[in-house]
Amino acid sequence: MSAGAHGTPLFQARGLVKRFGGLIAANDVSIDVAPGEVHALIGPNGAGKSTLVNLVSGLLPLDAGSIVLDGADITRATPHARVRAGLARCFQVTSIFAGDTVRDNLLLAVQAHAGSSFRFFADRARESELAERAQALARKVGLEDALDRVAGTLPHGAQRKLDVALALAARPKLLLLDEPMAGMGPEDSARMVELVRQLREETAILLIEHDMDAVFQLADRISVLVYGTVLTSGDAEHVKGHPKVQAVYLGTEDTA
Ligand SMILES: Nc1ncnc2c1ncn2[C@@H]1O[C@H](COP(=O)(O)OP(=O)(O)OP(=O)(O)O)[C@@H](O)[C@H]1O
Ligand SMILES: [Mg+2]
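- As named in an unreviewed UniProt entry, the protein chain is ABC transporter ATP-binding protein, taken from Verticiella sediminum.

**Observations concerning the pattern of salt bridges**
Item 1. Across all of its chains, the model carries 12 salt bridges by this definition.
Item 2. Note that Arg 221 and Asp 32 form a salt bridge whose closest N and O atoms lie 2.7 Å from each other. Placement of the pair is Arg 221 in strand β9 (residues 221-226) and Asp 32 in strand β2 (residues 23-33), with a sequence separation of 189 residues.
Item 3. Residue Arg 221 is classed as buried on the basis of its relative accessible area, which comes to 15%.
Item 4. One salt-bridge network, in which partners are shared between bridges, spans Arg 14, Asp 32, Glu 37 and Arg 221.

**Some remarks on the sheet that holds strand β6 (residues 87-89)**
Item 1. Taken together, the six strands give an open sheet; going across it, the order is β6-β7-β8-β3-β9-β10, and neighbouring strands pair in mixed fashion. In this open sheet, the two edge strands, each paired with only one partner strand, are β6 and β10 (229-234). If you compare each strand with its neighbour and ignore which way they point, the axes differ by 20° on average.
Item 2. Sheet topology places strand β3 (residues 38-42) next to β9; four bridges connect them, and they run parallel. Looking at β9, one finds that Ala 40 is bridged to Ile 222.

Rules used throughout
Residues numbered from 1 in each chain as written. Chains lettered and ligands numbered in written order. Predicted model: local features only at pLDDT ≥ 70, side-chain atom pairs only at ≥ 80, totals over all residues. Heavy atoms only, no water. Salt bridge = Lys/Arg side-chain N within 4 Å of Asp/Glu carboxyl O. Helix = DSSP H or I, 4+ residues; strand = E, 2+ residues; numbered from the N terminus. Buried < 20%, exposed > 50% of the residue type's maximum accessible area, 1.4 Å probe, protein only. Pairing = 2+ DSSP bridges. Axes fitted to C-alpha atoms, helices over the stretch in contact; angles between N-to-C directions.

Here it is as structure tokens:
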């Protein structure tokens, strides 16, 4: 499925262009995500995947194109305004405060996104509500038993889960995941696949991932990016059977 109940995608990027000097890292890229969809973006090294994530999250300015999230034009919005509009992104562990406990990391995140909804709470009630939200996030990603651990001492896989929980604290409509399985062994990867599968119930996901097994298990739709251009989009069968995709990954043919 590529569209929501009213035929409108939740997220719609149109004609994105990004140049680095003479290099075109995004060359008229259009991509959309439907409500509840996991849309995976794959492509060889240097294809422009991270550039696209940076354009969508607002860390890099666009040279051309437009971005709409849930009806709101966020093309020129600041990264913070995009988060408020419902766009969250995992930063591959860099957003974690390594010296703080898992609980404090989560508390800080839920506090940051609590906004004005707590205005009328008494301090005590407010505190316990935030603590409950932090705990619920820990439960969601399977870190309930690690709440009092110092985040920096957690194994890599658990830090990745914490990173996802921190992004979820913003209650996103669209979650950007840039290589969530990177550096994970098979066991942690399988757990992350399971987690992402559960997350789709609360947020749509744009997933960038090199692990093809994970992509084929999770994605409703896959877009293949090559030299800043979308080569093709479709389900796993379509992408696996596409001769140009095979050429790109097996390196048997020039795709230009
Ligand atoms: N800030 C920058 N300045 C100049 N060139 C850049 C910059 N960022 C990326 N590039 C170039 O743009 C192209 C796309 O890079 P990008 O990092 O988006 O690829 P990628 O698909 O994420 O690759 P990988 O799979 O290795 O992570 C590459 O040729 C890269 O060298
Ligand atoms: Mg990258």
